[in-house]
Amino acid sequence: MVHQQKVALAGSARMELVSGVVQLRPEDAMFDAMLRGWRAQQKSRGLKDETIDPRERLIRRFLDFANEYPWQWTPAHMDEWSTSLSSEKHLAPSTIRSYQGTVRLFTELLIDARYGWGPACEEAFGAYPVAIAHEWNTLPHLQDYEGDPEARPFTREELQRFLDYADDQVARAVKSKRKGALAAYRDATLFKVIYGWGLRRTETSKLDVVDFGRNPKARQFGRYGTLNVRYGKAKKGQPPRRRNVLSVMDWAVEAVADYVENVRPRFGFPEHPALWITERGGRLQPGSINDRFEAYRDALKLPKDLVPHSIRHSYVTHLTEDGVDRRFIQQQVGHECDSSTAIYTHVSDDFMNTALSKALAPAFAGV
């Protein structure tokens, strides 16, 4: 007779529980073993600590909310928790769905027979974990983008005012011979790059000088014909998504070329790879971008619902109004689904009226 050796999976009760050891607080010991097991299982899938740690903290918060251990959790606990996230904490639907998904992942490990947590709990406490997250008590993922519906792009006039104001700050700093002229020039160029290539704030902050490259089909842009975005928005638990963005706005190319060749070297630190460098030799962080944006927006008394991401929305909207192919725009901004690009697009009334006139023209021909 051939005997097969039983191999315990990473994250299984058999791997995490130490038999024969009397625990002073067996419930806490079991819960800690579950978290260790879940961490081991995620590590075996290649997930990093920066993904695992927030998930573990969330499970601990759920434990505190339910005031019960996982082998005592029920769907009612999930219902009550989800309601509190929405009605008391006023979290966005996408955030609530992410939280629900984390709890679902943890409990799915516990109820999977291959990992042995059910029998271990039943032997120790006379109860076992059950599925608590179902399609009827969690939010469905209906669309790729679920941002704030109040968010909107700049109008062309607002954007021109904003960029002009940023340039004015450079001129004022130079004229007054005060400190900060280089930083003001950097930030004025940065906002042009966000718009010129349709970038997110974090994508922008992580750009390096070498991320620009040539496009053989747009030789007029020289070494600034393409932009390699290496830190695009990642899916949950996955590395950042990369994409190449083609340069389409000649004035934006001229602005970044002037900055790289004439201004960036004056910061010093020639060995630093960052495109946007601070006066102390560090990489400019997203929070600093946000601070400068808000200062300029508020100085111009523009609506507060305009945020740095509104510049990216403007890129999509303005290219749409200019007749650029929708599929091309979708690829430029890194959207997997056209539904996301559609939500980003808020075309003007003039554009809608022109488009409607063109659509109706054949029907009224000869009338």
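Notes on the structure follow. Every value quoted in this text rests on a predicted model; they were computed, and no experiment measured them.

**Considerations on the environment of W73**
And then number 1: Assignment of secondary structure puts W73 in the loop between α3 (49-66) and α4 (75-87).
And then number 2: The exposure class assigned to W73 is buried, which follows from its relative accessible area of 2%.
And then number 3: In sequence terms W73 and P129 are 56 residues apart; their C-alpha atoms lie 7.0 Å from each other.
And then number 4: Apart from the residues lying within four places of it in its own chain, the contact partners of W73 are I59, F62, L63, A66, E68, F106, T107, V130 and I132.

**Thoughts on the pattern of salt bridges**
And then number 1: All told, the structure shown has 22 salt bridges when counted by the stated rule.
And then number 2: A salt bridge links R39 to D49, with the shortest nitrogen-to-oxygen separation between them at 3.2 Å. Residue R39 is located in helix α2 (residues 26-44), and its partner D49 is located in helix α3; the two are separated by 10 residues in the primary sequence.
And then number 3: On the accessibility criterion, D49 (33% relative accessible area) is partly exposed.
And then number 4: For K304, the salt bridge identified is with D298, shortest N-O distance 3.2 Å.
And then number 5: In this structure D298 comes out as partly exposed when scored by relative accessible area, which is 32%.

**Notes on the sheet that holds strand β1 (residues 212-213)**
And then number 1: Strand order across the open sheet formed by three strands is β1-β2-β3, with antiparallel pairing between neighbours. Edge positions in the sheet fall to β1 and β3 (241-246), since each of these pairs with one other strand and no more.
And then number 2: For strand β2 (residues 226-232) and β3, the ladder comprises five bridges, and the chain directions are antiparallel. Residue pairing in the sheet places N228 in a bridge with N244 of β3.

**Some thoughts on helix α5 (residues 93-111)**
And then number 1: The terminal C-alpha atoms of α5, which comprises 19 residues, lie 27 Å apart, in line with the 27 Å expected from a rise of 1.5 Å per residue.
And then number 2: Among all positions of α5, only I96, R97, Q100, T102, V103, F106, T107, L109 and L110 are buried.
And then number 3: Its buried side turned inward, α5 meets α2, α3, α4 and α6 (117-125).

**A word on the pairing of β2**
And then number 1: Across the seven residues of β2, six count as buried, placing the element largely inside the fold.
And then number 2: As judged from the two bridges shared by β1 and β2, these two strands associate in the antiparallel manner. Bridging across to β2, G213 finds its partner in T226.

**Things to note about the nonpolar core**
And then number 1: Formed by 50 residues in total, the largest nonpolar core has its most connected members in F154, F162, F191, W197, L275, W276 and Y315.
And then number 2: Looking at this core, the elements that each hand over two or more residues are α7 (156-176), α8 (181-197), β2, α10 (250-263), α11 (286-299), α12 (308-321) and α13 (326-333).
And then number 3: It is α8 that contributes the most residues to this core, eight residues altogether.
And then number 4: Every residue in contact with W276, bar those within four places of it in the chain, is listed here: R186, T189, L190, V193, T204, S205, L207, Y259, G282, R283 and L284.
And then number 5: In terms of nonpolar packing, the next biggest core, distinct from the first, is built from 28 residues, L35, I59, I96 and I132 among them.

What counts as what
- Residues numbered from 1 in each chain as written.
- Predicted model: local features only at pLDDT ≥ 70, side-chain atom pairs only at ≥ 80, totals over all residues.
- Heavy atoms only, no water.
- Helix = DSSP H or I, 4+ residues; strand = E, 2+ residues; numbered from the N terminus.
- Buried < 20%, exposed > 50% of the residue type's maximum accessible area, 1.4 Å probe, protein only.
- Contact = heavy atoms within 4.5 Å.
- Salt bridge = Lys/Arg side-chain N within 4 Å of Asp/Glu carboxyl O.
- Pairing = 2+ DSSP bridges.
- Expected span 1.5 Å × (residues − 1).
- Core = buried A, V, L, I, M, F, W, Y, C linked by side-chain atoms within 4.5 Å.

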